[in-house]
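Here are the chains, one letter per residue:
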Amino acid sequence: MTYNNRLVCLLLVIYGISSFFSSVSSLSRADFPSGFVFGTASSSFQYEGAVKEDGRGPTVWDKFSHSFGKVIDFSNADVAVDQYHRFNANIQLMVDMGMDAYGFSIAWSRIYPSGSGTINQAGIDHYNKLINALLAKGIEPYVTIYHWDLPQALDDKYKGWLDSQIITDYARFAETCFEQFGDRVKHWITFNEPHTFAIQGYDVGLQAPGRCSILLRLFCPGGNSATEPYIVGHHVLLAHATVADIYRKKYKATQGGSLGIAFDVMWYEPMDNKPEDIDAANRAQDFQLGWFMEPLFFGDYPASMRKRVGDRLPKFTPSEVAFVKGSLDFVGINHYTTWYARNNSTNFIGVILNDTLADSGAITLPFKGVKPIGDKRGSTFVEMRRKDYEQKRR
């Protein structure tokens, strides 16, 4: 799959670079291209804590993490790493590490505790302080507008991303962010990994809001794994395009920023060098990255998805095709690993799951037989630098 040169991949966290150099001592900024951005990143729910402070409303992740049996170790994010109170100290750590940028997400329910309605000024004040503190230390903010923490009120009101009303509410939230922070924030990411929350939240039910129908609804009280992930993904694409249109028409010229979206991406290699496995690897990629990328670049879902999903896959109107296509300045790629893919020659998985994973007709695995696809890389370097850093701080 080939995309045009407008694709700009921002790498915020660098792992595994030791495998490309003969020794750690030889590594320096000079080994990277001019303008390469070194940074670190977080998300509001995972980092902030302070879930009941300064008017913040509950999110689907608050409810999910406090529901018995949803989190294996019974943990929650009520405190997390307490960045809400410790952000100044955390920023100094970034300075000490030589970071250029910091990616973070804005908690929708801190700005709009009920998802819409009245703005919570305390939430605005908090992110103003965070952004100003970053810039004062020479660290560029990269802001994600949505990182999975849907206000619980919207899930209660109309099931959140399953209803097209979410597009209007999300656009209002995003525009508030542009109005309040866009004079200083020049890098906007509308969504982080929509594929992940569509699958994990609405197909297999392992993440908030925990909806699914697989395995005879054994794990989820509600949901439809065969349709809901596609509906969620469709509304995400339309919401992204709506916000991109707002930014381009009302803010880009005066604020001078750029706006994109970030995807989780695995690569798939054919299990064996035979046509059916090669096709399976391509389908696996279509049902992951192509699901969101092809509408943004070509105006519609991949042909393999249209063929295999049929009427369960939503359709774009002609005006929506024009609206969605090209609605971004860059694409962020969060690449985690590579797996093998082989053709699913039976319908056994389809009968058991009847979901998006079965729809691809591909079985994906991190190993062939008992052999992993690749050796462990990079972790030695990361651990050495962590210990180095801790020693210097003592």
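Check the entry above for the structure.
Predicted model only: the values in this text are computed from it and were never measured. (Residues numbered from 1 in each chain as written. Predicted model: local features only at pLDDT ≥ 70, side-chain atom pairs only at ≥ 80, totals over all residues. Heavy atoms only, no water.)

A. Representation of the packing of helix H7 (residues 165-181) against helix H10 (residues 228-250) in the model. Remark: H7 packs on H10, axes separated minimally by 9 Å, with the N-to-C direction vectors making an angle of 35°. Between H7 and H10 the crossing geometry is right-handed. Counted together, Ile166, Ile167, Tyr170, Ala171, Ala174, Glu175 and Phe178 of H7 and His235, Leu238, Ala239, Thr242, Val243, Ile246, Tyr247 and Lys250 of H10 form the full contact between these two elements. Residues belonging to the contact of H7 with H10 are distributed by class as follows: 11 nonpolar, 2 polar and 2 charged. (Axes fitted to C-alpha atoms, helices over the stretch in contact; angles between N-to-C directions. Helix = DSSP H or I, 4+ residues; strand = E, 2+ residues; numbered from the N terminus. Left-handed = near helix turned anticlockwise from the far one by under 90°. Contact = heavy atoms within 4.5 Å. Nonpolar A, V, L, I, M, F, W, Y, C, P; charged D, E, K, R; others polar.)

B. Focus on the environment of Pro113. Residue placement: Pro113 occurs in the loop between helix H4 (108-111) and helix H5 (121-136). When its relative accessible area of 23% is taken as the criterion, Pro113 is described as partly exposed. Here the alpha-carbon distance between Pro113 and Gly57, two residues 56 residues apart in the chain, equals 4.0 Å. Leaving out residues up to four positions away in the same chain, Pro113 has contacts with Gly55, Gly57, Thr118 and Asn120. (Buried < 20%, exposed > 50% of the residue type's maximum accessible area, 1.4 Å probe, protein only.)

C. Region of interest: the nonpolar core. Judged by nonpolar contacts, the single largest core of 80 residues is most densely connected at Trp108, Trp161, Tyr170 and Trp188. With 11 residues, the single largest contributor to this core is H10. Apart from residues lying up to four places away in sequence, Trp108 is in contact with Gly115, Tyr146, Asp149, Leu150, Pro151, Leu154, Trp161, Ile166, Asp169, Tyr170 and Phe173. Met266, Tyr268, Ala280 and Ala281 belong to the second-largest nonpolar core, a separate cluster that totals 7 residues. (Core = buried A, V, L, I, M, F, W, Y, C linked by side-chain atoms within 4.5 Å.)

D. Highlighting unusual backbone geometry. Cis geometry is found at the peptide bond from Ala208 to Pro209, where omega equals 5°. With respect to the helices, strands and loops of the structure, Pro209 is situated in the loop between helix H8 (194-202) and helix H9 (214-217). You will see that Phe74, though not glycine, has its phi angle at about 65°, which is positive.

E. Spatial organisation of the environment of Lys368. With respect to the helices, strands and loops of the structure, Lys368 is situated in strand E8 (residues 367-368). Lys368 gets classed as partly exposed once you look at its relative accessible area, which sits at 38%. Lys368 sits 96 residues away from Asp272 along the chain, and the two C-alpha atoms are 9.3 Å apart. When sequence neighbours within four positions are dropped, the list of residues in contact with Lys368 reads Met271, Asp272 and Tyr340.

F. View of the state of the cysteines. Evaluation of the coordinates by the stated rule reveals 1 disulfide. The disulfide partner of Cys212 is Cys220, and the S-S distance across this bridge is 2.0 Å. Measuring handedness by torsion sign, the sulfur bridge of Cys212 and Cys220 sits at about 100° and is right-handed. Residues Cys212 and Cys220 agree in their burial class; the two are buried. (Disulfide = S-S within 2.5 Å.)

G. View of the side chain of Ser44. In this fold, Ser44 is placed in helix H1 (residues 44-47). One polar contact links Ser44 to Asp149, side chain to side chain, over a distance of 2.6 Å. (Polar contact = N/O pair within 3.5 Å; in protein donor to acceptor, adjacent residues only side chain to side chain.)

H. Inspection of the packing of aromatic side chains at higher detail. Enumeration over the complete set of coordinates arrives at 27 aromatic pairs. Among the aromatic residues, ring-to-ring pairing joins Trp108, Tyr146, Trp161, Tyr170, Phe173, Phe191 and Phe197 into one connected group. (Phe/Tyr/Trp six-rings, centres within 6.5 Å; stacked < 30°, edge-to-face > 60°.)

I. Region of the structure containing the environment of Glu48. Counting through the fold element by element, Glu48 comes out in the loop between H1 and helix H2 (60-65). Separated by 32 residues in sequence, Glu48 and Ala80 have C-alpha atoms that sit 6.3 Å apart. Ignoring sequence-local partners within four residues, the contact set of Glu48 consists of Val79, Ala80, Asp82, Gln83, Tyr84, Ser105, Ala107, Arg110, His126 and Tyr127. A distance of 2.5 Å separates the side chain of Glu48 from the side chain of Tyr127, its partner in a polar contact.

J. Here's a closer look at the pattern of salt bridges. One pass over the structure, following the stated rule, counts 14 salt bridges. Residue Arg56 is joined to Asp62 by a salt bridge in which the shortest nitrogen-to-oxygen separation is 3.0 Å. Comparing Arg56 with Asp62, the two get one shared label, buried. Close ionic contact of Arg211 with Glu228 constitutes a salt bridge, the shortest N to O distance being 2.8 Å. One end of the pair, Arg211, is in the loop between H8 and H9; the other, Glu228, is in helix H10, with 17 residues separating them in the sequence. As far as burial versus exposure is concerned, Arg211 and Glu228 are alike and both buried. The structure contains a network of salt bridges with shared partners spanning Arg248, Lys252 and Asp329. (Salt bridge = Lys/Arg side-chain N within 4 Å of Asp/Glu carboxyl O.)

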